[in-house]
Amino acid sequence: MSTDNSSSPISISSRLIEGRALRQDVWSVFNAANLPADCINLGQGYMNFSPPSWVVEAANSALATTLPNHYSHPKGRLRLRHAIKNFYEASFNRSLDVETEILVTSGANEGQYSVFAAFLEHGDEVIMFEPFFDQYLASVIFNGGKPVYVPLHPNLEGDKPSSGDWTIDFDELRRTISPRTKMIIVNTPHNPVGKVFTKVELEKIAELAKEFNLLVMADEVYDCLVYDGKQHVRIANLPGMWERTVTVLSAGKAFAATGWRVGWLIGHPSIITPTLAASTRIVFCTNSPLQEAAAAGLEEARARGFFEQQLEEYRERRDVLLAAFDKVGLKYCHPEGSYFVLVDISRLKFPDDYPFPETLRGRGRDFKACWFMALEIGVSAIPVSEFYCEEHCDIGENYARFGFCKDVDTLKEAGQRLQSLSKYLS
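Please read these numbers as outputs of a predicted model, since none were measured by experiment. (Residues numbered from 1 in each chain as written. Predicted model: local features only at pLDDT ≥ 70, side-chain atom pairs only at ≥ 80, totals over all residues. Heavy atoms only, no water.)

Student: Lay out the overall build of the protein in plain terms, naming residues and giving numbers.
Tutor: Helix and strand content of the protein: 15 helices and 15 strands. Over its C-alpha atoms the protein spans a radius of gyration of 22 Å, differing by no more than 12% from the 22 Å that the globule rule assigns to 426 residues. Dimensions of the protein, computed from C-alpha atoms along their principal axes, come out at roughly 75 × 60 × 50 Å. Each of the 426 residues in the protein was classed as buried or not, and the buried ones make up 58%. Counting only contacts in the protein whose residues sit at least 6 apart along the sequence, the fraction spanning at least 24 positions is 73%. Accessible area of the protein: about 18,200 Å², with a carbon and sulfur share of 49%. Across the protein, the 43 positively charged side chains and the 54 negatively charged ones have centroids separated by 1 Å. (Helix = DSSP H or I, 4+ residues; strand = E, 2+ residues; numbered from the N terminus. Rg over C-alpha atoms; globule rule 2.2 N^0.38 Å. Buried < 20%, exposed > 50% of the residue type's maximum accessible area, 1.4 Å probe, protein only. Contact = heavy atoms within 4.5 Å. Areas by Shrake-Rupley, 256 points an atom, 1.4 Å probe, with all protein chains shown as cover. Lys, Arg positive; Asp, Glu negative; His and termini not counted. Charge placed at Lys NZ, Arg CZ, Asp CG, Glu CD.)

Student: So what's going on with the sheet that holds strand β4 (residues 146–151)? Residues and values would help.
Tutor: The seven strands are arranged β2-β10-β9-β8-β7-β3-β4 in an open sheet whose pairing can be described as mixed. Looking along the sheet, the strands with just one partner apiece sit at the ends: β2 (102–105) and β4. Across the sheet, the axes of successive neighbouring strands diverge by a mean angle of 25°, strand direction being ignored. Two strands pair when backbone bridges link them, and strand β9 (residues 245–250) and strand β10 (residues 263–267) are joined in this way by five bridges, in the antiparallel orientation. (Pairing = 2+ DSSP bridges. Axes fitted to C-alpha atoms, helices over the stretch in contact; angles between N-to-C directions.)

Student: Hey, could you go over the pattern of salt bridges for me, with residue numbers and the actual values?
Tutor: Counting across every chain of the model gives 23 salt bridges. A salt bridge links Glu-99 to Arg-81; its shortest N-O distance comes to 3.5 Å. A residue pair is termed long-range when its members are at least 10 positions apart, and Glu-99 in the loop between α4 (78–92) and β2 and Arg-81 in helix α4 qualify at 18 residues. Under the relative-accessibility criterion, Glu-99 is labelled partly exposed at 37%. With a relative accessible area of 4%, Arg-81 lands in the buried category. (Salt bridge = Lys/Arg side-chain N within 4 Å of Asp/Glu carboxyl O.)

Student: Which residues make up the pairing of β2, and what values do they have?
Tutor: Residues of β2 alternate between two faces, with Ile-102 and Val-104 on one and Leu-103 and Thr-105 on the opposite face, all of them buried. The pairing of β2 with β10 spans four bridges and is classified as antiparallel. For Ile-102, the partnering residue across the bridge sits in β10 and is Ile-266.

Student: Account for helix α3 (residues 53–63), with residues named and values stated.
Tutor: Along α3, the residues classified as buried are Trp-54, Val-55, Ala-58, Ala-59 and Ala-62. Viewed along the axis of α3, the buried residues span an arc of 150°, placing them on a single side of the element. (Arc of directions from axis to C-beta.)

Student: Go over the packing of aromatic side chains with me, naming the residues and quoting the values.
Tutor: According to the stated counting rule, one finds 30 aromatic pairs in the structure shown. Pairing Phe-325 with Tyr-332 gives two aromatic rings, centres 6.2 Å apart and planes at 50°, and the pair type is tilted. Residue Phe-325 is classed as buried on the basis of its relative accessible area, which comes to 0%. Ring centres of Tyr-354 and Phe-356 lie 4.9 Å apart, and the angle between their planes is 55°; on these two criteria the pair is classed as tilted. (Phe/Tyr/Trp six-rings, centres within 6.5 Å; stacked < 30°, edge-to-face > 60°.)

Student: Talk me through unusual backbone geometry; I want residue IDs and the actual numbers.
Tutor: Residue Pro-131 follows Glu-130 across a cis peptide bond; omega there is 0°. By secondary structure assignment, the location of Pro-131 is in the loop between β3 (125–130) and α6 (135–142). A cis amide bond links Thr-188 with the next residue in sequence, Pro-189, at an omega value of -10°. As for its position among the elements, Pro-189 is in the loop between β7 (181–187) and α8 (199–211). Its identity is not glycine, yet Asp-228 carries a phi of approximately 60°, on the positive side. Following the sequence through the fold, Asp-228 ends up in the loop between β8 (215–219) and β9.

Student: Outline the sheet that holds strand β12 (residues 340–344), supporting the account with residue identities and numerical values.
Tutor: Here four strands make up an open sheet; going across it, the order is β11-β12-β15-β14 and the pairing antiparallel. Two strands lie at the open edges of the sheet, namely β11 (332–333) and β14 (382–383), each paired on one side alone. Set on the sheet, helix α12 (residues 306–328) makes contact with β11, β12 and β15 (399–403); between it and β12 the angle comes to about 5°.

Student: Now, about the packing of α12 against helix α15 (residues 408–418): what can you tell me, with residues and values included?
Tutor: Look at α12 against α15: their axes get within 9 Å of each other, and the N-to-C directions meet at 10°. On the basis of their axis angle, the class for α12 and α15 is roughly parallel. Here Glu-316, Arg-317, Val-320, Leu-321, Ala-324, Phe-325 and Val-328 of α12 lie close against α15, whose contacting residues are Val-408, Leu-411, Lys-412, Gly-415 and Leu-418. Looking at the contact of α12 with α15, its residues break down into eight nonpolar, one polar and three charged. (Parallel < 35°, antiparallel > 145°, perpendicular 65-115°, else oblique. Nonpolar A, V, L, I, M, F, W, Y, C, P; charged D, E, K, R; others polar.)

So this is what it looks like as structure tokens:
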């Protein structure tokens, strides 16, 4: 006798739950649609200015011709791979093979996902430093992996703490490694902390990777945004690390074109070849005309002095926003890299009976603080506890992430609004 189950919902995969994919994430909660129309969004990491005009012109030119409007090779368009080779060989201290050591991906995110798909077996452990870019979690779990969390420890005494004061306990890191550990993610410059990992820190991570035969995913999408004379060190360049490191990079971050979804991976053929196999079955190929535009960007960047000029513009934006926090009396971690700053919001007080939405129920205090700022001050930020596992989220509850990837006028207006916080500080 058959049973009619036509009205029963079809069960979903547990990975959606474990990977927080069904949970209303921080980006949904602090979406512009949920906030006042005039709220200045400094939470999400997208720009309010266009890519360079000459890069946009290259995109338009590609769209106006025939071949770039059709499929590209899964490895990426040859012009872009050659542009990547010519641009990055000096910083990797080696010649790069466009056929076996470079892979163009549909944004850095898809590149990372394809690496996980290529290398993780069910139950393999992936170490990630907290706070972590939230996409890591779902990407690892969707590919059968198990995230293992090692928090960066803030040591923020004094009046002017730096993002470099978030440090690794290397004894803790060693204890975290198990026979199932397969990979470690190193994000430098770091989102959301703004930390630029030192050579000494990277050397210690590298020694552990070699000792325990770990693959290192070096998420370096902010490599062009390093301030105040700090040095960006590529862990792939350290002794014995080229063969076990895949470096993730992004046209979106490099050229203020985050919606283009063009990124690339650089690594040893033993890493790139299986990742290509995975990427081919996930997306097949990446947006063709925008690959042409990214190629033009890399081809012309040096002659135009583009990255030097862009770095100075971001430094100005950073300093405008930091001056506002100085004026209102909020402590922050001076960012060494990226376009984010963590601000200590532990002194921010809001009424116990404030009408917070139901979506904040069960979330950390930082969610309430950021919601209060968005509605009462008109500036939105992102609560940092979102970037932690439940066990460690109390570390993040004292901080909000503000982005300075906006034009100077917008940042100045946000800075003026932030002065109103003074009446809510204890």
